[in-house]
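Given next are the chains, with one letter for each unit.
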Amino acid sequence: MASLIDIVPLMFLLVTTFYHFGEARIIEVGGSLDAWKVPESPNHTLSHWAESVRFQVGDILLFKYDSKMDSVLQVTEENYVKCNTEKPLKEHKDGYTTVKLDVSGPYFFISGAPTGNCAKGEKVTVVVQSPNHQPMPKPGPAAVTPTLPPKPSTTPASPAPAPPTPPKSSTSTPAPAPAPAKSSAVGLVAGNGIFWALIVAFIGLVFV
């Protein structure tokens, strides 16, 4: 019974170790085995490469170089900026160096070559993300706010104006011609004739 109690913690430790080992990635620094060197172009440096990789806790960096001419120094940020090779945090000279990234945060590596390779660009900063850190989403196209068409008005449309009444013709219907007035002269002559006829008849009766 005692032996079983001793074995259980050991089995748990082995399972945990192999589980984390299975998650670890071996990453070649610079993207290839011969990349730990002075960059050929200032536009393609080791730092440019590191910015394109998302490093995680447990990853393993692999440096391959000529141990007779170069080395890998892990330094502080201040010595990284100044390319100061004195008193590094860690120094590797085996020509096939592996560095496990145990904790999140920045790691600074420079070349230890006596020819001043660090000042020529042979250095790299590796930033390990926290296990709880989520990568920032890439910006997408700007969202366009949809616009709704205008709502049709419920107010009844006003009736169309009536066509204008055509103006009356300026030519008026001619008034009937007035009846010709009887000549006053004719009436007067007729009246006088009757008067004298009566006078003549009266005189004739008197003298009969």
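So, a few notes on the structure that sits alongside this text. (Residues numbered from 1 in each chain as written. Predicted model: local features only at pLDDT ≥ 70, side-chain atom pairs only at ≥ 80, totals over all residues. Heavy atoms only, no water.)

### Quick look at the nonpolar core
For clarity, the cut-off: We call a set of buried residues a nonpolar core when its members are Ala, Val, Leu, Ile, Met, Phe, Trp, Tyr or Cys and they connect through side-chain atoms within 4.5 Å of each other. For every residue, the accessible area (1.4 Å probe, protein chains only) is compared with the maximum for its type, and the residue is labelled buried under 20%, exposed over 50%, or partly exposed between those bounds. What counts as a helix is a DSSP run of H or I of at least four residues, what counts as a strand is a run of E of at least two, and both are numbered from the N terminus. Contacts were defined at the residue level, with two residues in contact if any of their heavy atoms lie within 4.5 Å.
Of all hydrophobic cores here, the largest spans 19 residues; its most connected members are W36, F55, L61, F63, F109 and V126. Residue assignment for this core shows that the elements contributing at least two residues are α2 (46–51), β3 (60–64), β7 (105–111) and β8 (123–129). Among residues more than four places away in sequence, those in contact with F55 are R25, I27, W49, A50, L61, L101, V126, V127, V128 and Q129. Counting 7 residues, the second largest nonpolar core, distinct from the first, contains Y80, C83, F108 and C118.

### Regarding the packing of aromatic side chains
The following threshold applies: Any pair of Phe, Tyr and Trp rings, taking the six-membered ring for Trp, is counted once the centres come within 6.5 Å. Such a pair is stacked with planes under 30 degrees apart, edge-to-face with planes over 60 apart, and tilted for the rest. Charge-over-ring contacts are defined here by two conditions on Lys NZ or Arg CZ: a distance within 6 Å of the ring centre and an angle within 35 degrees of the ring normal.
For the coordinates displayed, the defined rule picks out 5 aromatic pairs. With a centroid separation of 5.4 Å and 50° between ring planes, the pair formed by Y80 and F108 is classed as tilted. One end of the pair, Y80, is in helix α3 (residues 77–82); the other, F108, is in strand β7, with 28 residues separating them in the sequence. A relative accessible area of 13% places F108 in the buried class. Relative to F109, the ring of Y107 has its centre 6.5 Å away and its plane inclined at 5°; by these criteria the two rings are stacked. Note on Y107: relative accessible area 8%, which makes it buried. Every member of this aromatic cluster is reached through a ring pair, and the members are W36, F63, Y107 and F109. Just above the ring of Y80 sits the side chain of K123; from NZ or CZ to the centre is 4.7 Å.

### Structural notes on the state of the cysteines
Here is the rule we go by: Any cysteine sulfur atom paired with another within 2.5 Å is treated as part of a disulfide.
One pass over the full model with this rule turns up 1 disulfide. Through a disulfide, C83 is tied to C118; the S-S separation comes to 2.2 Å. Its S-S torsion of approximately -75° makes the covalent link between C83 and C118 left-handed. Of the two residues, C83 is situated in the loop between α3 and β5 (90–92) and C118 in the loop between β7 and β8; the sequence distance between them amounts to 35 residues. Taking relative accessible area as the criterion, C118 reaches 4% and is therefore assigned buried.

### Quick word on unusual backbone geometry
One non-glycine residue, C83, lies in the positive phi region at around 55°. For K87, which is not glycine, the phi dihedral falls at a positive 50°. Here K87 shows up in the loop between α3 and β5.

### Structural notes on the sheet that holds strand β6 (residues 96–100)
Filter applied, for reference: For two strands to count as paired, DSSP must find a minimum of two bridges between them. With axes taken as lines fitted to C-alpha atoms, and helix axes fitted only over the stretch in contact, angles between N-to-C directions fall between 0 and 180 degrees.
Strand order in the open sheet formed by 3 strands is β1-β3-β6, with mixed pairing between adjacent strands. At either end of the open sheet lies a strand with only one pairing partner, and these are β1 (26–28) and β6. Ignoring which end each strand starts from, the neighbouring axes of this sheet average 25° apart. As paired strands, β3 and β6 are joined by 5 bridges and run antiparallel to one another. By the bridge assignment, L62 is partnered in β6 with T98.

Just geometry here; none of it tells us what the structure is for.
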